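Geometric and topological summary
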Amino acid sequence: MAEKVLTARFEKPESHRLATYRADGGYQALRKALAMKPDEVIELVKTSGLRGRGGAGFPAGMKWSFVPKESEKPKYLCVNGDEGEPGTFKDRYIMSLDPHAILEGALICCYAIQAHTAYIYVRGEFKEPIKKLEDAIDEARNAGIIGKNVLGTGFACDIWVHYGAGSYICGEETALIESNEGRRGMPRLKPPFPAVVGLFGGPTVINNIETLAYLPHIFNRGPEWFAALGPEKNGGTKLYGVSGHVKKPGLYELPMGTPLREIIYDHCGGIRGDRELKAVVPGGSSTPVLMPGEIDVNMDYDSLMKIGSMMGSGAIIVMDETTCMVHVAARLANFYAHESCGQCTPCREGSKWIAKILYRIENGGGREGDVELLLDLCDRIQGNTVCPAGDACAMPVRAYVQKFRGEFEAHIKHGTCTVGNFPNPWKKD
Amino acid sequence: MPKLTIDGVEIEAAEGQSVLEAALANGIHIPHFCFHPLLKVGGNCRMCLIEIEKVPKLQIACGTAVRDGMVVFTKTDRVTNARRGVLEFMLINHPLDCPVCDQAGECKLQDYCFKYGMERSRFIEEKHTFEHQDLGPWLSKDMNRCLHCTRCIRFMRDIAGSEELTLHERGNDTVVGPYLETSIENEFCLNLVDICPVGALTSKPFRFQARSWLMEKTRTLCAGCSRGCNVIAWTYKGRLLRLTPAENAHVNQCWLCNPGRMSFESLYAKNRLTTAMESMTDTDIVSALDTAAGKLKSVPGEKTAVIASRFLTIEDNYLICRFARDVLNTEKVAFVSGPEDDSEFGPSKAPLPDWFMREDLSPNSTGAAHVLNAFGYDLKPATLIEEIENGEIRALLVFGDNFAASMGDVSRVKSAANRLSFVMVTDSHSSTTTDMASVFIPESTFAEKDGTYTNEGGRVQKLKAALRPQNDCRSAWQTVQELASRLGVKWNYTSASQIFDEMAAVVPEYEGMSFSDIPDEGIQTTKEPEPEDATAGTGDNGENVKTADGNAEEAD
């Protein structure tokens with residue numbers, strides 16, 4: 001059985017309290033980091049090979065090293081707790097069950113980049129995780145862990161929780177910054193990159209909750225240990241959130257690179273009702289769907305990239321033979337159309353258009369040429385937008401239409417669902 | 001100075017320029033909607049996507065800084081597909097309003113659709129429509145046509161310094177509208193009509209009056225204040241229908257305030273006068289001029305006073321001064337440069353950004369002063385009134401100025417005028433001053449004459465007639481020439497150009513100039529004043545700020 005790192009404390013009673021955290025050795029990693037030079041801290045994180053767990057998989061140490069040493073404006077850490085990617089439910093558990101790990105990781109990062117303020121941006125719907133986080137911050141502040149004199153070392157750092165207000169796009173780093181500043185959550189043009197011009201114009205690092213939660217372990221047990229937990233360049237463990245048509249859905253911490261088949265059939269007990277697997281989304285709805293023949297892939301960043309998909313947030317959505325892929329695609333496109341910030345032409349107009357076409361196909365109004373039109377629209381959106389949200393709509397839709405083309409064409413030709421799961425009031429003769 | 005290659009052509013760019021700015025400055029047109037040289041970069045329309053060597057994704061030209069050695073392609077299939085994609089996305093919800101939309105003929109969406117061969121989209125779903133919103137007396141808003149380029153929002157935030165417009169809702173439902181107020185009524189809001197690339201924001205005063213391609217365009221000057229903004233006068237069937245700004249980097253960039261923009265309405269005001277009068281009764285122009293000349297003969301020249309005008313051109317003022325010196329032989333020449341009268345379109349009470357309307361509501365104070373100084377005329381208007389009152393002045397010629405109101409004391413001027421044996425007034429509109437005239441000669445307005453004005457900053461610029469003068473209207477210099485001829489002095493001036501060239505030889509600020517050589521941007525006669533900061537207001541991304549120093553493309 002693989003070693004648990006992040007989730008090791010989840011089942012302990014009162015795991016979220018400072019006293020239990022300290023009893024388990026909490027905040028020793030922070031002490032160790034504060035005794036090093038900030039540059040040394042960054043080097044250590046680079047050595048660990050820790051990659052961002054938010055979805056992009058960008059090496060954390062490298063991101064931190066982009067922050068200029070000298071800065072006229074204050075530097076910031078923004079912790080991304082928006083957890084907006086459909087299918088993802090890992091960060092909420094870390095926030096609820098081990099919030100101090102997040103705070104310790106955040107303080108280590110702040111020290112490394114010499115930031116004195118951190119904001120944890122949490123989606124507004126997470127009432128309970130927010131409460132746990134805020135309670136933990138209060139405890140830490142009272143204990144002199146957060147504040148003007150962190151652990152008596154003279155380093156000053158304060159942490160605040162900023163609530164989101166119902167927008168998926170605020171999980172995108174520059175939109176998060178805009179929202180944190182009190183503005184509309186609309187992504188910014190890059191360059192300049194947040195590490196140079198970020199929150200309130202100052203150098204800013206944005207890291208996912210899970211990413212930061214690994215830091216205390218990396219400092220306590222060494223970067224080489226962490227790197228060795230997974231394959232080369234994809235070190236550490238990963239929280240895989242499995243949902244959908246499996247017998248045992250849930251959050252599983254496994255070594256990075258665990259094969260997808262093993263996750264579905266061993267850990268999650270296989271498909272509910274022992275049905276046939278039809279499709280799997282490997283890393284959250286924005287990642288291209290995989291067919292049953294593709295599930296022998298290792299669940300790490302590089303392996304998934306090789307087969308044309310992505311690790312994303314590690315949110316695995318399993319769909320069995322009773323699922324209509326046209327419905328899935330329509331539902332997904334609708335999500336992206338609804339969440340689009342509206343700033344740039346391809347996403348604002350294109351995502352809604354795609355959703356309208358898919359709903360029309362699903363409801364029996366499909367016409368010849370719709371499949372080609374959908375694929376063409378995906379091409380016109382992808383790569384042409386201000387932020388990756390356009391790609392997040394285009395790439396999955398293209399994958400569904402291409403990999404399950406027969407189903408779409410059957411809907412168009414017969415005006416009905418081949419899976420037979422959804423009654424169709426507009427059935428064509 | 002970084003060099004880059006666009007479609008095989010090497011061009012030189014300025015440090016810090018974007019690829020788009022560098023291209024436009026070198027006559028290479030990359031299509032765009034949201035970019036505007038004087039606004040901070042929007043980067044949202046995605047129309048300016050171009051291919052850069054060694055960069056995998058297409059990049060927006062407006063948001064990519066030039067690097068030395070960059071190789072750019074704007075004509076590849078990828079780029080063309082991206083452009084057609086953007087145009088198609090814009091068309092899917094855009095209403096087919098061209099037949100009833102004022103923007104037709106000057107619409108960027110129309111222009112690019114023609115250019116890139118996109119006349120229809122493949123969209124067969126239901127178009128997204130928006131509720132109508134009334135934005136007040138100046139702007140007509142049609143949200144269905146909006147491309148969400150945010151030029152209007154950025155203008156209000158960056159240039160006007162009054163952030164009144166914002167985006168509401170999200171995604172495909174995004175609406176451009178005011179924050180809390182229900183209308184947009186500030187003094188510069190009609191500039192939004194110019195910068196809106198489509199017919200989402202159009203001018204209510206101009207609505208439906210003429211199709212843009214049927215109107216004739218004349219580049220001339222606004223005469224509403226001493227700023228001397230450059231304008232285009234649009235005329236159709238002999239009527240001036242609207243003024244829009246013409247680009248001049250030294251004066252108004254590409255902006256025009258509402259009062260200036262609407263100043264042409266004065267041509268059609270109820271108190272416009274276009275026929276000659278004697279004692280307030282219409283008469284023919286020849287007999288009016290004869291009467292005036294006769295009266296002038298009966299009064300000693302040196303006891304005749306002449307009022308020149310900051311509302312008239314340099315040519316008018318020059319010939320007025322020549323008339324005073326060479327024909328009347330009088331020293332009593334003055335002009336008023338004082339507080340403003342009760343113009344219909346005075347400055348608004350709200351605090352205005354410094355680069356719009358000036359307090360001096362006349363177009364040529366500086367020019368008139370230059371001319372009168374060169375002739376040595378320094379009589380104060382107040383002294384002139386006293387001299388009328390004590391009988392030293394017996395006759396008065398007032399050219400193109402509501403003198404009584406300009407002096408600020410109408411009743412005093414009126415009673416002084418009653419002592420005079422003769423008063424002649426020229427003006428374009430009736431006023432308390434014209435009421436005093438025994439002979440009245442109508443003046444052409446700024447839109448009906450050629451000539452020059454010198455603005456508050458010392459820049460001399462050309463005025464070009466957009467319309468022929470109506471009825472008896474004429475420039476003051478023509479009236480003066482007619483009077484001179486009746487008083488035995490025959491001049492042969494046939495154009496403003498001729499007068500300017502002669503004037504330039506004797507007025508030191510214009511030394512060496514000739515009328516035909518004055519370029520569109522005018523010529524600085526004195527040291528150019530410090531440039532004002534044209535982009536106030538805080539932006540979001542410090543490093544994304546781009547201000548252009550004007551480019552060849554007319555602001556659209």
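Residues numbered from 1 in each chain as written. Chains lettered and ligands numbered in written order. Predicted model: local features only at pLDDT ≥ 70, side-chain atom pairs only at ≥ 80, totals over all residues. Heavy atoms only, no water.

Description of the domain arrangement of chain A
All names here are of chain A. Counted only if it meets this: Delimitation of the domains relies on an automatic or database domain assignment. In this description, contact between two residues means that some pair of their heavy atoms is separated by no more than 4.5 Å. Buried area counts how much accessible surface, traced with a 1.4 Å probe, disappears from two parts once they are put together, with both parts' losses summed. Salt bridge criterion: a side-chain nitrogen from Lys or Arg within 4 Å of a carboxyl oxygen from Asp or Glu. Pairing of N or O atoms within 3.5 Å defines a polar contact, subject to two protein rules: one partner must be a possible hydrogen donor and the other a possible acceptor, and residues neighboring in sequence count only if both atoms are side-chain atoms. Under the scheme applied, nonpolar residues are Ala, Val, Leu, Ile, Met, Phe, Trp, Tyr, Cys and Pro; charged residues are Asp, Glu, Lys and Arg; polar residues are all the others, including Gly.
Here chain A is described as being made up of domain 1 (18-228), domain 2 (237-320) and domain 3 (325-414). Listed by partner, the interface residues are 14 residues for domain 1 and 10 residues for domain 3. Across the domain 1/domain 3 interface, buried area totals approximately 890 Å², and carbon plus sulfur atoms make up 68% of it. When the area that domain 1 buries against domain 3 is broken down by residue, the three leading residues are Tyr 168, Ile 169 and Pro 187, summing to 50%. Applying the counting rule to domain 1 against domain 3 returns zero salt bridges. Across the domain 1-domain 3 interface, the total number found is two residue pairs in polar contact (both at pLDDT 80 or more). A per-class count over the side of domain 1 that touches domain 3 returns six nonpolar, four polar and four charged.

Considerations on unusual backbone geometry
Residues and elements named next belong to chain A. For clarity, the cut-off: Under the scheme used here, helices are H or I runs from DSSP no shorter than 4 residues and strands are E runs no shorter than 2 residues, and both carry numbers assigned from the N terminus. Per-residue accessibility, obtained with a 1.4 Å probe over protein chains only, is compared with the maximum for each type, and a residue is labelled buried under 20%, exposed over 50%, and partly exposed between these values.
Of note, the amide linkage connecting Lys 190 to Pro 191 takes the cis form, showing an omega dihedral of 5°. Mapped onto the elements, Pro 191 comes out in the loop between α8 (173-180) and β4 (204-208). In this model, Pro 191 is joined to Pro 192 through a cis peptide bond whose omega is 5°. For Pro 192, the position within the fold is in the loop between α8 and β4. Of note, Tyr 27 is a non-glycine position whose phi angle comes to about 70°, a positive value. A positive phi angle, close to 50°, is found at Leu 151, a residue other than glycine. When its relative accessible area of 13% is taken as the criterion, Leu 151 is described as buried.

Remarks on the environment of B:Leu221
Residues and elements named next belong to chain B. Along the chain, Leu 221 falls in strand β10 (residues 216-221). Sequence separation of Leu 221 and Pro 245 is 24 residues, and the distance between their C-alpha atoms is 9.2 Å. When sequence neighbours within four positions are dropped, the list of residues in contact with Leu 221 reads Gly 228, Cys 229, Asn 230, Val 231, Phe 446, Tyr 453, Gln 461, Lys 462 and Leu 463.

Remarks on the packing of aromatic side chains
Test applied: Ring geometry is summarised as follows: Phe, Tyr and Trp rings, the Trp one being its six-membered ring, pair when their centres sit within 6.5 Å, and such pairs are stacked at plane angles under 30 degrees, edge-to-face over 60 and tilted between the two. Our definition puts a charge over a ring when NZ of Lys or CZ of Arg is within 6 Å of the ring centre and also within 35 degrees of the ring normal.
Enumeration according to the criterion identifies 20 aromatic pairs over all chains in this entry. Their ring planes at 80° and their centres at 5.2 Å tell us that A:Phe335 and A:Tyr336 sit as a pair that is edge-to-face. Among the aromatic residues, ring-to-ring pairing joins A:Tyr76, A:Tyr119 and A:Phe200 into one connected group. The ring of B:Tyr268 has B:Arg239 lying over it, and the distance from NZ or CZ to the ring centre is 3.8 Å. Residue placement shows B:Arg242 over the ring face of B:Phe206; its charged tip is 4.7 Å from the ring centre.

Some details on the interface of chain B and chain A
Taken together, the contacts link 39 residues of chain B with 41 residues of chain A. Where chain B abuts chain A, roughly 3,300 Å² becomes buried across the two surfaces, and 52% of that area is made up of carbon and sulfur atoms. Considering only the surface of chain B that becomes buried against chain A, B:Phe89, B:Arg122 and B:Arg170 emerge as the three largest contributors, covering 23% of it. At the junction of chain B and chain A, the tally comes to three salt bridges. Residues B:Arg170 and A:Glu339 are paired through a salt bridge, measuring 3.3 Å at the closest nitrogen-oxygen approach. Across the contact surface, chain B and chain A share 20 residue pairs in polar contact (both at pLDDT 80 or more). For the side of chain B that touches chain A, the secondary structure elements donating two or more residues are α2 (77-92) and β7 (165-168) of chain B. Take the side of chain B that touches chain A: its biggest share by element is nine residues, from α2(B). For the side of chain B that touches chain A, the class distribution of residues is 14 nonpolar, 14 polar and 11 charged.

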